[in-house]
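Structure at a glance
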Amino acid sequence: MSKVCVLNEKFEKTGDLDLPANYAEVNPHNLYLYVKSYLAGIRANTAHTKTRAFVSGGGKKPWRQKGRGGARAGSTRTNVWVGGAVSFGPLNNRNYFQKVNKKQKRLALECALAQKANEGKIFAVDSISIDSGKTKDAAKIINSLNLRDALIVKDLLDDNTLLAFRNLSNCYLVDASEINAYLVSVFSAVIIEKAALESITKEG
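In this report, the structure presented in the accompanying data block is examined. (Residues numbered from 1 in each chain as written. Predicted model: local features only at pLDDT ≥ 70, side-chain atom pairs only at ≥ 80, totals over all residues. Heavy atoms only, no water.)

A closer look at the packing of aromatic side chains
For clarity, the threshold we go by: Only centres within 6.5 Å qualify two rings of Phe, Tyr or Trp (six-membered ring in Trp) as a pair; their planes then separate them into stacked at under 30 degrees, edge-to-face at over 60, and tilted for everything else. Under the DSSP-based scheme used, a helix requires at least four consecutive residues in state H or I and a strand at least two consecutive residues in state E, with every element numbered from the N terminus. Throughout, exposure labels follow a simple rule: accessible area from a 1.4 Å probe, protein chains only, divided by the maximum for the residue type, with under 20% read as buried, over 50% as exposed, and the rest as partly exposed. For a Lys NZ or an Arg CZ to count as sitting over a ring, it must be within 6 Å of the ring centre and within 35 degrees of the ring normal.
Summed over all chains, the structure comprises 4 aromatic pairs. Between Tyr38 and Tyr182 the ring centres are 4.4 Å apart and the planes differ by 20 degrees, which places this aromatic pair in the stacked class. In this pair, Tyr38 is assigned in helix 1 (residues 29-41) and Tyr182 in helix 5 (residues 181-186), connecting sequence segments 144 residues apart. Assessed through its relative accessible area of 18%, Tyr182 is described here as buried. With 5.8 Å between their ring centres and 40 degrees between their planes, Trp63 and Trp81 make a pair best called tilted. Of this pair, Trp63 sits in the loop between helix 1 and helix 2 (102-118) while Trp81 sits in the loop between helix 1 and helix 2, and the two are 18 residues apart along the sequence. When its relative accessible area of 27% is taken as the criterion, Trp63 is described as partly exposed. Joined through ring pairs, the aromatic side chains of Tyr34, Tyr38 and Tyr182 make up one cluster. Above the plane of the ring of Tyr96 lies Arg43, whose end atom (NZ or CZ) is 3.9 Å from the centre. Positioned above the aromatic ring of Trp63 is the side chain of Arg68, whose terminal nitrogen or guanidinium carbon lies 4.1 Å from the ring centre.

So, helix 2
Definition in use: Multiplying 1.5 Å by the helix residue count minus one yields the expected span of that helix.
Compared with an ideal rise of 1.5 Å per residue, which puts 17 residues at 24 Å, helix 2 spans 25 Å between its outermost C-alpha atoms and is within 8% of the ideal. Positive phi shows up at Gly120, right after helix 2, with a value of about 70 degrees.

A closer look at the pattern of salt bridges
If charged atoms from side chains of opposite charge come close, those side chains can pair. Stated precisely, the cut-off is as follows: The working definition used for a salt bridge is a side-chain nitrogen of Lys or Arg within 4 Å of a carboxyl oxygen of Asp or Glu.
Overall, the coordinates contain 8 salt bridges when judged by the stated rule. Notably, a salt bridge pairs Lys140 with Asp137, separated by 3.9 Å at the nearest N-O pair. Taken together, the positions of Lys140 and Asp137, both in helix 3 (residues 135-144) and 3 residues apart, correspond to about one turn of that helix. By relative accessible area, Lys140 is classed as exposed at 53%. Accessibility expressed as a relative area gives 22% for Asp137, which makes it partly exposed. A salt bridge links Glu193 to Lys154, with the shortest nitrogen-to-oxygen separation between them at 2.9 Å. Here Lys154 lies in strand 4 (residues 150-154) and Glu193 lies in strand 6 (residues 190-193), a separation of 39 residues in the sequence. Each member of the pair, Glu193 together with Lys154, is buried. Several salt bridges share partner residues, and in doing so they unite Lys154, Asp158 and Glu193 into one network.

Below you can see the structure in the form of structure tokens.
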């Protein structure tokens, strides 16, 4: 069974917490499909090339059809000419959307949480609150656990804690309603409030 490390207010390990048993039984393919869909959804889709319809010029036939000993040509803007159009290039009207239904999103999150728990990289605490709003106080949490980077999950966000974590390049702070399988997977560790963890596990 997947276990979550429980920390006290000083962020020292005091015990373990079990995730629901069915989390470990989820097919990892659900996680793959969700992450693939998520990444497709955030593509900028700015790559664009011009077809013959959009390249300026080329209205006049460059030379007569016969009699000059060279290949015939109808336009200077075909794809074989320098300055001409591009064949089969990317267009910015492409739709990258990949549908993932609600149940599959949930299974993907469960799988991601189980994988992180098996690695010993989920930490549950009573409260993650930086009343001072200072970044150095937020950094102490990450440094005390010796983590490369972390997803911080609060039950309810507050302004001071958000202010403290937002300038840390190796942290990302969200509330329980914003957590998803991609965020859990992309960070090396997850630090989550117990209330947030309970609300997430109850939804399943």
